[in-house]
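Structural description and commentary
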Amino acid sequence: MSAVWITVIVVGLATIAVKAAGPLLVAARTPPPRAQSALEHLAPALLAALVVTQTLGGGNGGFAIDPRLAGLAAGAIALLLRAPLLLVITVAAVAAALVRLIA
Amino acid sequence: MRRLPDSQPPEPTRRSYLDGVRAAAPIGVAAVAFGVSFGVLARSAGMSRLAPVVMSLTTFGGSAQFAAASILGAGGGVATAVVAAVLLNLRYGAMGLSVATVLTGPWWQRALIAQLIVDESWAIAQRDDGRIDRHLLVGAGLLLLVGWTGGTAIGTFAGDLVADPESLGLDAAFPALFLALLWPQVGERSRLLAAVAGAVIALALMPFTGAGVPIVAASLACLIGARRS
């Protein structure tokens, strides 16, 4: 079986289990406050790491500085101007495409 | 027999499944667009046409799917992709706990409804009294699932028309997407701290490890939330 299908199946099953765990196992009960708080901090930690790796990550590990950085900067400006999600993505893509075209 | 007096507090305004669909419609447009983006990214990461669609239907979690596909595309291993994606989706466990309190019915029904939990549907389903409205959750979740999976299918086919996703700047759309998803999450100081720590850990490890490992290591930054306040 290919790496792709193993990933799709394992991630799919794991996600289904994670989503169903609460409603199946823990009826009207919440985890200890500190565990709950740690879980709530997982999303910002991982999303921030993804921003970094998706912007600066090279093809085979390491760093690569390329037009993605300009795209992210443009997207961040759009976010600061309270642009809707879709516009932020579009601005980032267009900026990166333009920089790549010029460079 | 006398009727019991109606002493219960009035129910909050009853919402229908359709209300959930309506509430999610604007973000549903974005879900279709991101679904297309995921389809394109998945193809450029070497996935077949079917795999991304199956993934959208079963995993139904944008950032985890983008992470898994981009790690595979960047040459990261299966284990790295799976761990990063599962870690990204662990937050649905916490959301599931909050949803559990309002779900009734047989176990398979509760498990099925729980599959409709994503960031957006969960956010839309929040009621003023701090509880979850299951009708809003189901309506919003179904619309987002259809939009996301349909968009993915479109993207896997449009990927052939788009010779080079990078020439369209699509590779920059992904970090911008994660930044946009991160943005509303860091209002609280400790969550901002977790985000900064996650970014620093990733930056520090990137020169030394394979693709994906820095992301997994960055998850340790969530322990900031476990401190005694």
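The paragraphs below set out a description of the structure included in this document. All values reported here derive from a predicted model rather than from experimental measurement. Along each chain, residue indices are assigned from 1 in the same order as the chain's sequence is written. Whichever chain is written first is A, and whichever ligand is written first is 1; the rest continue in order. Residue-level local features of this predicted model are given only where pLDDT is at least 70; pairs of side-chain atoms are given and counted only at 80 or more, and the full residue set underlies all totals for whole chains, interfaces and linings.

1. Some details on the overall build of chain A
Helix numbering and strand numbering both begin at the N terminus, where a helix is a DSSP run of H or I of at least 4 residues and a strand a DSSP run of E of at least 2. A tally of regular secondary structure across chain A gives 5 helices and 0 strands. Listing the helices and strands of chain A from first to last along the sequence gives α-α-α-α-α. Within the span of chain A, comprising 103 residues, buried residues form 50% of the whole. Residue pairs are scored as contacts if the distance between their C-beta atoms, which are placed from the backbone, is within 7 Å. In chain A, the proportion of contacts linking residues at least 24 apart, taken out of those at least 6 apart, comes to 29%. The exposure label follows from counting other C-beta atoms within 10 Å of a residue's C-beta, where the C-beta atoms are placed from the backbone and the thresholds are 20 or more for buried and 12 or fewer for exposed, leaving partly exposed in between.

2. Quick notes on the nonpolar core
As used throughout, a nonpolar core is a set of buried Ala, Val, Leu, Ile, Met, Phe, Trp, Tyr and Cys residues joined through C-beta atoms within 7 Å of each other. Ranked by internal contacts, the top residues of the largest apolar core, which has 108 residues, are Ala45, Leu46, Ala49 and Ala92 of chain A together with Ala84 of chain B. Here Ala92 of chain A is in contact with Gly71, Leu72, Ala74 and Gly75 of chain A together with Gly169, Ala172, Ala173 and Ala176 of chain B, once residues within four sequence places are set aside.

3. Examining the interface of chain A and chain B
With 70 residues of chain A in contact, the opposing surface of chain B contributes 91 residues. Breaking the side of chain A that touches chain B down by element, the ones donating at least two residues are helix H1 (3-25), helix H2 (33-40), helix H3 (42-56), helix H4 (68-80) and helix H5 (85-102) of chain A. Here the side of chain A that touches chain B takes 19 residues from H1 of chain A, the largest share from any one element. In terms of residue class, the side of chain A that touches chain B is built from 47 nonpolar, 18 polar and 5 charged. Each residue is assigned to one class: nonpolar for Ala, Val, Leu, Ile, Met, Phe, Trp, Tyr, Cys and Pro, charged for Asp, Glu, Lys and Arg, and polar for all the others, Gly among them.

4. A word on the environment of Val40 of chain B
Considering the arrangement of structural elements, one finds Val40 of chain B in helix H1 (residues 17-44). Separated by 113 residues in the primary sequence, Val40 of chain B and Ala153 of chain B have C-alpha atoms spaced 9.4 Å apart.

5. Side note on unusual backbone geometry
Residue and element names in this part refer to chain A. The backbone of Arg82 shows a phi angle near 60°, a positive value even though the residue is not glycine. Its location among the elements puts Arg82 in the loop between H4 and H5. Among the residues examined, Arg82 registers 8 C-beta atoms within 10 Å and is labelled exposed.

6. Observations regarding H4 of chain A
Residue and element names in this part refer to chain A. To estimate the expected span of a helix, count its residues, drop one, and scale the result by 1.5 Å. Its 13 residues give H4 an end-to-end C-alpha distance of 18 Å, which sits within 8% of 18 Å, the value for a rise of 1.5 Å per residue. Among all positions in H4, only Arg68, Ala70, Gly71, Leu72, Ala74, Gly75, Ala78 and Leu79 are buried. Arg82 lies just past H4 and shows a positive phi near 60°.

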